[in-house]
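# Structural description and commentary
The chain contents come next:
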Amino acid sequence: AQRVTQPEKLLSVFKGAPVELKCNYSYSGSPELFWYVQYSRQRLQLLLRHISRESIKGFTADLNKGETSFHLKKPFAQEEDSAMYYCALSGAGGTSYGKLTFGQGTILTVHP
Amino acid sequence: KAGVTQTPRYLIKTRGQQVTLSCSPISGHRSVSWYQQTPGQGLQFLFEYFSETQRNKGNFPGRFSGRQFSNSRSEMNVSTLELGDSALYLCASSLQGPGDTEAFFGQGTRLTVV
């Protein structure tokens, strides 16, 4: 079975402060991990995936297989970062193929 | 390029009725997956189709079904609607599958069962 846990439903920070959105997963094989973001009145969209190892909009995420975590970080939060963030996992083949398992989401609010 | 289009955007149905939702993927995308989004359960996987074949199915009752056509457009059907089926239904399209290539989501169909 695959599971994604985002322990924080709400996260509030001030502009310019560092932010970290936590994500832990459970999966027996080698997972693909993603962060999706949904800004107000917009579609759910991919923010980044661990395999690309990119920094998107200043956000980075490192897959830690030992701790089964994929936390999303940004050193200096901006007001436009306020959104709902979902961590998602895709397994490799078998019963996991074609399926994204999402966490419950974290609402990030960045105050001015 | 045009994004993923879901129709209708809003739907109100009565318990016991059935409903069909449509999803038009981005041109060239062969994978379409469906998700149910509710405040209590979050985003839950319904099923995924690739080149007209269902590759995976989530833990939903048999009242939930889907299909994909040769042009990659997909429909999902819910029969014998229950109040608990009220939700936002999202579809996503991708080139090869949401785990391999980026998944693009539609705006969703908001289904209300009364």
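Residues numbered from 1 in each chain as written. Chains lettered and ligands numbered in written order. Predicted model: local features only at pLDDT ≥ 70, side-chain atom pairs only at ≥ 80, totals over all residues. Heavy atoms only, no water.

### A word on the state of the cysteines
Residues and elements named next belong to chain B. The cut-off we apply is this: Throughout, disulfides are identified as pairs of cysteine sulfur atoms within 2.5 Å of each other. Put simply, DSSP H or I for four residues or longer makes a helix, DSSP E for two residues or longer makes a strand, and each gets a number counted from the N terminus.
For the structure on display, the rule yields two disulfides over all chains. In this model Cys 23 forms its disulfide with Cys 91; the gap between the sulfur atoms is 1.9 Å. When the S-S torsion is 70°, as for the bridge of Cys 23 with Cys 91, the disulfide is right-handed. A residue pair is termed long-range when its members are at least 10 positions apart, and Cys 23 in strand E3 (residues 19-24) and Cys 91 in strand E9 (residues 87-94) qualify at 68 residues.

### Considering the interface of chain A and chain B
Short version of the rule: By the convention used here, residues are in contact when the closest approach between their heavy atoms is within 4.5 Å. Buried area is calculated as the accessible area (1.4 Å probe) missing from two parts once they are joined, with the contributions of both summed. Salt bridge, as used here, is a side-chain nitrogen of Lys or Arg placed within 4 Å of a carboxyl oxygen of Asp or Glu. Any N or O atom pair separated by 3.5 Å or less is treated as a polar contact, with the protein-specific requirement of one donor-capable and one acceptor-capable atom, and with residues adjacent in sequence counted only for side-chain atom pairs. Residues are grouped as follows: Ala, Val, Leu, Ile, Met, Phe, Trp, Tyr, Cys and Pro are nonpolar; Asp, Glu, Lys and Arg are charged; every other residue, Gly included, is polar.
Contact residues are listed per partner, giving 18 residues for chain A and 23 residues for chain B. Of the roughly 1800 Å² buried where chain A meets chain B, counting both sides, 47% is carbon and sulfur surface. On the chain A side of the contact with chain B, A:Arg43, A:Tyr97 and A:Gly98 bury the most area, a combined 34% of that side's loss. The interface formed by chain A and chain B includes zero salt bridges. Inspection of the chain A/chain B interface yields five residue pairs in polar contact (both at pLDDT 80 or more). Across the side of chain A that touches chain B, the residue classes tally to eight nonpolar, six polar and four charged.

### Digging into the confidence of the model for chain A
Filter applied, for reference: Note on scores: pLDDT gives the predictor's confidence for each residue, bounded by 0 and 100.
Looking at chain A, the pLDDT average stands at 92 and 96% of residues meet or exceed 70. The secondary-structure element of chain A with the lowest mean pLDDT is strand E6 (residues 45-49) of chain A, recorded at 93, while strand E11 (residues 106-111) of chain A shows the highest, at 98.

### A closer look at the pairing of strand E9 (residues 83-90) of chain A
Residue and element names in this part refer to chain A. Short version of the rule: When a residue's accessible area, from a 1.4 Å probe over protein chains only, is under 20% of the maximum for its type it is buried; when over 50% it is exposed; and in between it is partly exposed. Paired strands are those between which DSSP finds at least two bridges.
Summarising burial for E9: seven of the eight residues are buried, a large majority. Two strands pair when backbone bridges link them, and strand E5 (residues 32-38) and E9 are joined in this way by seven bridges, in the antiparallel orientation. In the sheet register, Gln 38 faces E9, and the bridge partner there is Met 84. In the sheet, E9 pairs with E11 via three bridges, with the strands oriented antiparallel. Looking at E11, one finds that Tyr 85 is bridged to Thr 106. Note: E9 against strand E10 (residues 101-102), two bridges, orientation antiparallel. Bridging across to E10, Leu 89 finds its partner in Thr 101.

### Let's talk about the nonpolar core
Nonpolar side chains in soluble globular proteins generally cluster together in the buried interior. Rule in force here: The criterion is simple. A nonpolar core is a set of buried Ala, Val, Leu, Ile, Met, Phe, Trp, Tyr and Cys residues joined through side-chain atoms within 4.5 Å.
Residues A:Trp35, A:Leu72 and A:Tyr85 are the most contacted members of the largest nonpolar core, which totals 25 residues. When residues of this core are traced back to their parent elements, those giving at least two are strand E2 (10-14), strand E3 (19-21), E5, E6, E9 and E11 of chain A. With four residues, E9(A) is the largest single contributor of residues to this core. In this structure, A:Tyr85 is in contact with A:Gln6, A:Leu21, A:Trp35, A:Tyr36, A:Val37, A:Leu47, A:Phe59, A:Leu72, A:Gly105, A:Thr106 and A:Leu108, ignoring residues within four places of it in sequence. Counting residues in each nonpolar core, the second largest holds 21 residues, with B:Val4, B:Trp34, B:Phe47 and B:Phe60 among its members.

### Considerations on the environment of A:Phe102
Counting through the fold element by element, A:Phe102 comes out in strand E10. Linking A:Phe102 and A:Ser90, residues twelve residues apart in sequence, is a C-alpha distance of 9.1 Å. Beyond its immediate stretch of four places on either side in the chain, A:Phe102 contacts A:Val4, A:Tyr36, A:Leu44, A:Tyr86, A:Cys87, A:Ala88, B:Tyr35, B:Leu43 and B:Phe105.

### Some remarks on the environment of A:Lys22
All names here are of chain A. Within the secondary structure, Lys 22 is located in the loop between E3 and strand E4 (24-26). Ignoring sequence-local partners within four residues, the contact set of Lys 22 consists of Thr 5, Gln 6, Pro 7, Glu 8, Trp 35 and His 71. Here the side chain of Lys 22 touches Glu 20 through a polar contact of 3.1 Å, side chain to side chain.

### What about the sheet that holds strand E8 (residues 74-78) of chain B?
Residue and element names in this part refer to chain B. This is how the line gets drawn: A fitted line through C-alpha atoms serves as each axis, taken over the contacting stretch for helices, and the angle formed by two N-to-C directions is quoted from 0 to 180°.
On the basis of which strands lie adjacent, the open sheet formed by four strands has the order E1-E3-E8-E7 and antiparallel pairing. The outermost strands of the open sheet, each flanked by one partner alone, are strand E1 (5-7) and strand E7 (64-68). Pairwise comparison of adjacent strand axes, ignoring direction, gives a mean angle of 15° for this sheet. Alignment of E7 against E8, held across five bridges, turns out to be antiparallel.

### A word on the sheet that holds E3(A)
In space, the three strands of this open sheet follow the order E3-E8-E7 (chain A), with antiparallel pairing throughout. For this open sheet the edge positions go to E3 and strand E7 (60-61) of chain A, each flanked by a neighbour on one side alone.

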